[in-house]
Amino acid sequence: MPLDENIYELRRQKLKAIEALGQIAYRSKYEVTNAIPQILTDYSGKTAEQLENPRVNVRVAGRIMAIRLMGKAGFCHLQQSGQRLQIYVKKDAVGETGFELYKLLDLGDHIGVAGYLFRTRTGELTIHVDEITFLSKDLLPLPEKWHGLTDVELRYRQRYVDLVMNPEVREVFLKRSKLVQSLRRTMEAHGFVEVETPMMQPIAGGAVARPFVTHHNTLDMDLYLRIAPELYLKRLVVGGFDRVYEINRNFRNEGLGWRWNPEFTMLEYYQAYADFHDMMDLTQQLITQAAEDVTGGTKTKWGDQEIDWSNWQRLTMREAIIKFWPDSAGAKPEMSDFTSGDGIKKLVERFNRSHSQMAYDPGEPAGKTTASLFEAVAEEHLTQPTIIYEFPTAVSPLSKQKPDEPDWTERFEIYAGQMEIANGFSELNDPEDQRRRFEAQLKERERGDEEAHQMDEDYIRALSYGMPPAGGVGVGVDRLVMLLTDSHTIRDVILFPLLRPEKSSSSSENRSESQTDAEK
RNA sequence: GGGCGCGUAGCUCAAUUGGCAGAGCAACUGACUCUUAAUCAGUAGGUUGAAGGUUCGAUUCCUUCCGCGCUCACCA
């Protein structure tokens, strides 16, 4: 830290010296003729002769990422929008004062330059500078130019430095932006209307998770940050918005991990008069289109594997358990094994004998066990985009049951890269059935499941006014970004992931201490 | 929360069984008007995450704490 402050102080003095040369320390604006990426696009193909006549005069701005001084001339690389262009500064060209300014520049400073394009002896496109304008000072030293910033914690805590130093990080977030654009485009093309529903809710519903709690002072009431927008979007379907969608944050007070951040982005959409098969088709199309829009193709790298977004498979949950049943756990299950709680229990016991123990509570509903068994048996095999459909009713309090098998619902999830990335179903619109499902969830809550769904009387009232048949889907945007950018932790696709608060032991605390001392 | 690992200069990393805490880059001074990880000569920069213990002596061994990473469990 002492050295840090030395450099800071030294650079402040340089800034004063720069002002003494007639520059403004923090000026308001600088008119450029070209952005650096534009120059690279337009002139990279031109020869030295083509650049000479006619001569191309430019004004550009950027951050100094490399600087080399050789007596009375020097080179810099200016970076803008993640791309770099070299400039050549010669005392003869910029004059005495201009060169004094050049000598006061540091790595990380922002400058604007005016000059003309040429090629150096080694052929690199370069600006021959006539005039330097100082734009802004970097008072803190950037990380080492060769190794850059690799410390994971610093990268997340100081994302601004990470973005300056690591162009591939910038790329990930550009792709994230493209993905969201693509999702919106597909939704709009299908006639969906974008809406915004409450982030603060009196009852945290629409999913099975623990919420964050906050408080409104004037109304003196506790509110929950939403765990899902689902119940509000379906209220809108009741109200006559036949196709609605929302892209926004959900908050779940759960653990952190490579696939989990407490706030994450979800796309949710609801379509009246559609069932879960329609939603599977739409979602498959949405994701395939997104892969193409973001990466330009349908095949993406995922670690040492490849995901082919044009090749999907569909399996029921029961089929998936049978298909991926490990040989070591004995004969594959039969469909009839899933019909009784006893049959499922036996499957779990057989599986657990050959594998690491899968957690399960004998008192829980059989459907819950089946869903856990599916995750234990199949999830790790689901690298290619796969739609798993027909989920147990016990874990699907908002889905419509299969007409012929009431223990199973018209629900699906989409898996890729061993992650669940989407969840959709034919929406339960029978208010009395919905009340019974909520009551079953309340029993689970009494059994100690803090994540079980709460009773939402207003939602039941909304259904009682009549909701048309509808299908709905939620798509995990962060996880989709991970898959499309080969990022293996969610923190790499969220600009500012949740971290523990920074320890204030060093600089900030010292400063406040010295302030109190001064006050005394 | 459990298990494993890590923490040394601003950044990236060394340091023989426990024996003088080092290098490159960044910084500073000087030389250099086509360099590009510029080069050359020199200078400065450290409470080895914190506290305690063992020892003649601790970056190294032990304990506790703090922080980070990986991983397992709950969760999308």
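Use the structure listed above.
Residues numbered from 1 in each chain as written. Chains lettered and ligands numbered in written order. Predicted model: local features only at pLDDT ≥ 70, side-chain atom pairs only at ≥ 80, totals over all residues. Heavy atoms only, no water.

A. Here's a closer look at the pattern of salt bridges. Inspection of the entire model under this criterion finds 39 salt bridges. The closest approach of N and O atoms between Arg-318 and Glu-390, which form a salt bridge, is 3.0 Å. Taken as a pair, Arg-318 in helix H10 (residues 317–323) and Glu-390 in strand S15 (residues 386–392) lie far apart in primary sequence, 72 residues in all. For the pair Arg-318 and Glu-390, one class covers both residues: buried. Across the salt bridge formed by Lys-402 and Glu-405, the nearest N and O atoms sit 2.9 Å from each other. (Salt bridge = Lys/Arg side-chain N within 4 Å of Asp/Glu carboxyl O. Helix = DSSP H or I, 4+ residues; strand = E, 2+ residues; numbered from the N terminus. Buried < 20%, exposed > 50% of the residue type's maximum accessible area, 1.4 Å probe, protein only.)

B. View of the environment of Asn-250. Residue placement: Asn-250 occurs in strand S10 (residues 243–251). Taking relative accessible area as the criterion, Asn-250 reaches 0% and is therefore assigned buried. Along the chain, Asn-250 and Pro-392 lie 142 residues apart, while their C-alpha atoms are 24 Å from each other. Among residues more than four places away in sequence, those in contact with Asn-250 are Arg-226, Ile-227, Ala-228, Pro-229, Pro-262, Glu-263, Phe-264 and Met-266. Reaching out from Asn-250, the side chain makes a polar contact with the backbone oxygen of Ile-227 at a distance of 3.5 Å. (Contact = heavy atoms within 4.5 Å. Polar contact = N/O pair within 3.5 Å; in protein donor to acceptor, adjacent residues only side chain to side chain.)

C. The sheet that holds strand S6 (residues 193–194), seen in detail. Spatially, 8 strands are ordered S6-S10-S11-S18-S17-S16-S15-S14 in an open sheet, and the strand pairing comes out mixed. In this open sheet, the two edge strands, each paired with only one partner strand, are S6 and strand S14 (313–316). Pairing of S14 with S15, which is carried by 4 bridges, proceeds in the parallel orientation. Bridge pairing links Arg-314 to Ile-387 in S15. Along the sheet, helix H9 (residues 276–295) makes contact with strand S11 (263–272), S14, S15, strand S16 (408–416), strand S17 (419–426) and strand S18 (470–476), crossing S16 at roughly 10°. (Pairing = 2+ DSSP bridges. Axes fitted to C-alpha atoms, helices over the stretch in contact; angles between N-to-C directions.)

D. Highlighting the side chain of Thr-316. One can find Thr-316 in strand S14. Dropping the residues within four chain positions of it, Thr-316 is found in contact with Ile-388, Tyr-389 and Glu-390.

E. Layout of the protein's contact with RNA strand B. For RNA strand B, the set of nearby residues contains 47 residues, the closest of which are Thr-122, Lys-145, Trp-260, Arg-479 and Arg-491. The sugar-phosphate backbone supplies 53% of the atoms of RNA strand B found within 4 Å of the protein. With respect to RNA strand B, the side chain of Lys-14 contributes an N or O atom lying 2.4 Å from a phosphate oxygen. Contact between RNA strand B and Trp-260: a base oxygen at 3.0 Å from a side-chain N or O atom of the residue. Elements represented by at least two residues in the surface near RNA strand B include exactly helix H1 (2–20), strand S1 (57–70), strand S2 (73–80), strand S3 (83–90) and helix H5 (152–157). (Near = heavy atom within 4 Å.)

F. Representation of the environment of Asp-92 within the structure. Topologically, Asp-92 is positioned in helix H4 (residues 91–103). C-alpha separation for the pair Asp-92 and Lys-72, spaced 20 residues apart in sequence, amounts to 8.3 Å.

G. Quick peek at the pairing of strand S12 (residues 299–302). Burial of S12 is one-sided: the residues Thr-300 and Trp-302 facing one way are buried, the residues Lys-299 and Lys-301 facing the other way are not. Joining the antiparallel neighbours S12 and strand S13 (residues 305–308) is a turn of 2 residues, in which Gly-303 adopts a positive phi near 60°.

H. Summary view of the packing of aromatic side chains. Enumeration according to the criterion identifies 8 aromatic pairs in this entry. Ring plane angle 80° and centroid distance 6.0 Å describe the contact between Phe-192 and Tyr-269, whose orientation is recorded as edge-to-face. In this pair, Phe-192 sits in the loop between helix H7 (167–189) and S6 while Tyr-269 sits in strand S11, placing the two residues 77 residues apart along the sequence. Residue Phe-192 shares its accessibility class with Tyr-269, and that shared class is buried. These aromatic residues form a ring-pair network of at least three members: Phe-75, Tyr-88 and Phe-118. The positively charged end of Arg-55 is found above the aromatic ring belonging to Tyr-116, 3.6 Å away from the centroid. For Arg-318, the ring lying beneath its charged end belongs to Trp-408, and the centroid distance is 3.8 Å. (Phe/Tyr/Trp six-rings, centres within 6.5 Å; stacked < 30°, edge-to-face > 60°. Lys NZ or Arg CZ within 6 Å of the ring centre and 35° of its normal.)

I. Expanded view of the packing of helix H11 (residues 341–354) against helix H12 (residues 366–378). Remark: H11 packs on H12, axes separated minimally by 10 Å, with the N-to-C direction vectors making an angle of 30°. Taken as axis vectors, H11 and H12 run roughly parallel relative to one another. In the packing of H11 onto H12, the handedness of the crossing is left-handed. Facing H11, whose interface residues are Gly-341, Ile-344, Leu-347, Val-348 and Phe-351, H12 presents Ala-366, Thr-369, Thr-370, Leu-373, Ala-376 and Val-377. Residues of the contact of H11 with H12, tallied by class, amount to 8 nonpolar, 3 polar and no charged. (Parallel < 35°, antiparallel > 145°, perpendicular 65-115°, else oblique. Left-handed = near helix turned anticlockwise from the far one by under 90°. Nonpolar A, V, L, I, M, F, W, Y, C, P; charged D, E, K, R; others polar.)

J. Main features of H7. The end-to-end C-alpha distance of H7 is 33 Å, a good match for the 33 Å that 23 residues give at a rise of 1.5 Å each. Of all the residues in H7, the buried ones are Val-169, Val-172, Phe-173, Arg-176, Leu-179, Val-180, Ser-182, Leu-183, Thr-186 and Met-187. Where H7 is buried, its residues contact H5, helix H6 (159–165), S10, S11, H9 and helix H15 (477–485). Phi for Gly-191, located one or two positions after H7, is positive at around 85°. (Expected span 1.5 Å × (residues − 1).)

K. Just the nonpolar core, in detail. Within the largest apolar cluster, 43 residues are counted, with the highest numbers of intra-cluster contacts made by Leu-179, Leu-267, Tyr-269, Trp-309, Phe-412 and Ile-421. Other than its neighbours up to four places away in sequence, Tyr-269 contacts Met-187, Phe-192, Val-244, Tyr-245, Met-279, Leu-282, Thr-283, Leu-286, Gly-471, Gly-472, Val-473 and Val-475. Membership of the second largest hydrophobic core comes to 31 residues, among which are Val-58, Leu-78, Val-113 and Phe-134. (Core = buried A, V, L, I, M, F, W, Y, C linked by side-chain atoms within 4.5 Å.)

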